[in-house]
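# Summary of structural features
Residues per chain are reported as follows:
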Amino acid sequence: MTGTAPAIPPAFEIRPPGFWRGMRHIAALELRQRLRSRTLLVLAIVWFCLIGVVTGAMWLWLSAMSGAYGQGFDSYPLFSVIVYFVLLFGTLVAPAISAGSISAERSGGTLATTQVTLIGTWSLLLGKALAAWVTGFAFLVVAAPFVVISLLLSRTDPLQLLVAVLALALQIGVFTVFGVALSAMISSQVFAIVTAYLLVALLSIGTLIAFALSVGVSTRYVDISYQTFSPGYWNAVNACSADTNDEDAIAKCTEAVPVECVTEATTVPVSPTSGIWWVLTPNPYVVVADMVAPRAGSAHASDDLFSGISTLVRGMQDDRAKPQDWNDCPAPRSESSASAPSETGAPVWWIGATVQLALAAGLLWAGHRRLRTPAAKLPRGARVA
């Protein structure tokens, strides 16, 4: 006797949740699990107190430094220091809250329970990344009051606050994607976290080391000539102060000394930074600085860390390999000409952000291949359930 299986009523049909809905389910489940733990709450309280202490200490230091030099108090650099401190905290926390999200479940045998459901692999992977990014963004929200206070104290353009938040959110998102992707690729939770920290250190410190080594390798030494005051001129100037201490008499005597110049030669190092400046672009601190730096017409266009770093990296795009002569002797008014203002280079933040996003996409693709089911091949000793 043969029979046929009963048809499943439409009301009991099981439909896949879809990509977006599946990703939302995974992110919500991950966030609920994180909220059950008090570790993040304690860490947020410690972070709030720490950034408060740093903000107050920086304000007192800038105030004391201004008073020591008899200058008016200007706390404009405070905003860039606080934003960079938040970025530093993000580079330290993001790998820790993301690099163990998948490898810990794989080690505990709970990952297979999720993989046998109708949740897709991309939904699982990106849902974990979204939850880690939201957790990292929560620390940015905790630090927001002190970022706003530094903005008000430093009289910064409010538009810079919006750009700074977007830049920090982008960097925290990239770092959390690194951690989740490495967690999917590597079975060991500890090894995944260490690798995530090494990758962040590679972008933050490794780019600086690579740039310094590139400069050292490409540096060459050339002989140039320059104009300077003759020894006879300096002897005459020194003779003006030999027999008197009257400052007015010394000044009149010095002005009366005829200018006499000589040509001398020296050896100077030349580093062609125009070919290696791009090594610094993936650095997260360079990306944030170039995004948040004020415009050239701003009253504080060169008073903070953002402006200094952005101007330095953009200026490296010019050809510095050609040695330039200089003249220490004052040129006659008829021969002097006003030099044209040097144009700054093109923005570099989008190059660094593109490199970071491409690296994150590559790691996600590799993590998807490792996480995909059914797996064609498993590593030796891998736990299935």
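Predicted model, so just to flag it, every value in this text is computed and none were measured.

## Here we look at the nonpolar core
- With 63 residues, the main nonpolar core has Phe 79 and Phe 306 as its most contacted residues.
- Within the residue set of this core, elements represented by two or more residues are α2 (39-68), α3 (77-98), α6 (121-153), α7 (158-185), α8 (189-218), α11 (284-292) and α13 (349-371).
- Tallying contributions element by element places α7 first for this core, with 13 residues.
- Every residue in contact with Phe 79, bar those within four places of it in the chain, is listed here: Val 147, Ser 150, Leu 151, Ser 154, Thr 156, Gln 160, Leu 161, Ala 164, Val 292 and Phe 306.
- One finds Ile 276, Leu 280, Val 286 and Met 316 within the second-largest nonpolar core, a separate group that totals 10 residues.

## Here's the deal with the packing of aromatic side chains
- Under the counting rule described, the total for this entry stands at 12 aromatic pairs.
- Here Phe 79 and Phe 306 contribute two aromatic rings whose centre-to-centre distance is 6.2 Å and whose plane-to-plane angle is 85°, an arrangement assigned as edge-to-face. Of the two residues, Phe 79 is situated in helix α3 and Phe 306 in helix α12 (residues 305-315); the sequence distance between them amounts to 227 residues. Each member of the pair, Phe 79 together with Phe 306, is buried.
- Between Phe 229 and Trp 234, the aromatic rings sit 5.5 Å apart at their centres with planes inclined by 75°, giving edge-to-face as the arrangement.
- Judged by its relative accessible area of 15%, Phe 229 is buried.
- With relative accessibility at 43%, the residue Trp 234 sits in the partly exposed group.
- Through pairs of rings, three or more aromatic residues link up here, namely Trp 47, Phe 85, Phe 89 and Phe 139.

## Some remarks on the UniProt feature "transmembrane region" (unreviewed entry) in the protein chain
- Per the UniProt entry, the sites bearing "transmembrane region" (unreviewed entry) are residues 40-64, 76-97, 130-153, 159-183, 190-213 and 348-367 in this numbering.
- Helix makes up 100% of residues 190-213 and strand 0%, and the two end C-alpha atoms of the span are 31 Å apart.

## Here's the deal with the pattern of salt bridges
- Scanning all chains against the criterion turns up 4 salt bridges.
- A salt bridge links Lys 128 to Glu 30; the nearest nitrogen and oxygen atoms lie 2.8 Å apart. A residue pair is termed long-range when its members are at least 10 positions apart, and Lys 128 in helix α6 and Glu 30 in helix α1 (residues 19-36) qualify at 98 residues. No difference in accessibility class separates Lys 128 from Glu 30, as the two residues are buried.
- With a shortest N-O distance of 2.4 Å, Lys 128 and Glu 105 are connected by a salt bridge.

## Some points on the state of the cysteines
- Per the counting criterion, the structure on display carries 1 disulfide.
- Across a sulfur-sulfur distance of 2.0 Å, Cys 240 and Cys 253 are joined as a disulfide pair. Around the S-S axis, the bridge from Cys 240 to Cys 253 shows a dihedral of about -65° and counts as left-handed. Taken as a pair, Cys 240 in helix α9 (residues 231-240) and Cys 253 in helix α10 (residues 247-256) lie far apart in primary sequence, 13 residues in all.

## Thoughts on a nonpolar patch on the surface
- On the surface, Phe 19, Trp 20, Trp 122 and Trp 365 cluster together into a nonpolar patch covering about 490 Å² of accessible area.
- Topologically, Phe 19 is positioned in helix α1.
- Take Phe 19: its relative accessible area is 33%, and that puts it in the partly exposed class.

## Some words on the side chain of Thr 121
- Mapped onto the secondary structure, Thr 121 falls in helix α6.
- Sequence-distant contacts of Thr 121, that is, excluding residues within four places in its chain, are made with His 368, Leu 371, Arg 372 and Thr 373.

## Points about α13
- Taking 1.5 Å per residue as the helical rise, α13 with its 23 residues ought to reach 33 Å, and the 32 Å between its terminal C-alpha atoms agrees with that figure.
- By the burial criterion, the buried members of α13 are Gly 352, Ala 353, Gln 356, Ala 360, Leu 363, Leu 364, Gly 367, His 368 and Leu 371.
- Where α13 is buried, its residues touch α4 (103-108), α5 (111-115), α6, α7, α8 and α11.

## Observations concerning the side chain of Thr 114
- Structurally, Thr 114 can be placed in helix α5.
- For Thr 114, a relative accessible area of 19% puts it in the buried group.
- Not counting residues within four places of it along the chain, the set of residues in contact with Thr 114 comprises Ile 26 and Leu 124.

## Digging into α6
- Taking 1.5 Å of rise per residue, the 33 residues of α6 would be expected to cover 48 Å, and the 48 Å separating its terminal C-alpha atoms lies within 8% of that figure.
- Along α6, the largest kink reaches about 45° and is centred on Ala 143; proline Pro 145 follows within four residues of it.
- One or two residues past the end of α6 sits Arg 155, with phi positive at roughly 55°.

Criteria and cut-off values
Residues numbered from 1 in each chain as written. Predicted model: local features only at pLDDT ≥ 70, side-chain atom pairs only at ≥ 80, totals over all residues. Heavy atoms only, no water. Core = buried A, V, L, I, M, F, W, Y, C linked by side-chain atoms within 4.5 Å. Buried < 20%, exposed > 50% of the residue type's maximum accessible area, 1.4 Å probe, protein only. Helix = DSSP H or I, 4+ residues; strand = E, 2+ residues; numbered from the N terminus. Contact = heavy atoms within 4.5 Å. Phe/Tyr/Trp six-rings, centres within 6.5 Å; stacked < 30°, edge-to-face > 60°. UniProt positions renumbered as here; feature names shortened; annotations may be inferred. Salt bridge = Lys/Arg side-chain N within 4 Å of Asp/Glu carboxyl O. Disulfide = S-S within 2.5 Å. Patch = residues over 30% accessible without salt bridge, like charges linked within 9 Å, V, L, I, M, F, W, Y side chains within 5 Å. Areas by Shrake-Rupley, 256 points an atom, 1.4 Å probe, with all protein chains shown as cover. Expected span 1.5 Å × (residues − 1). Bend = angle between axes of the 7 residues up to and from the residue.

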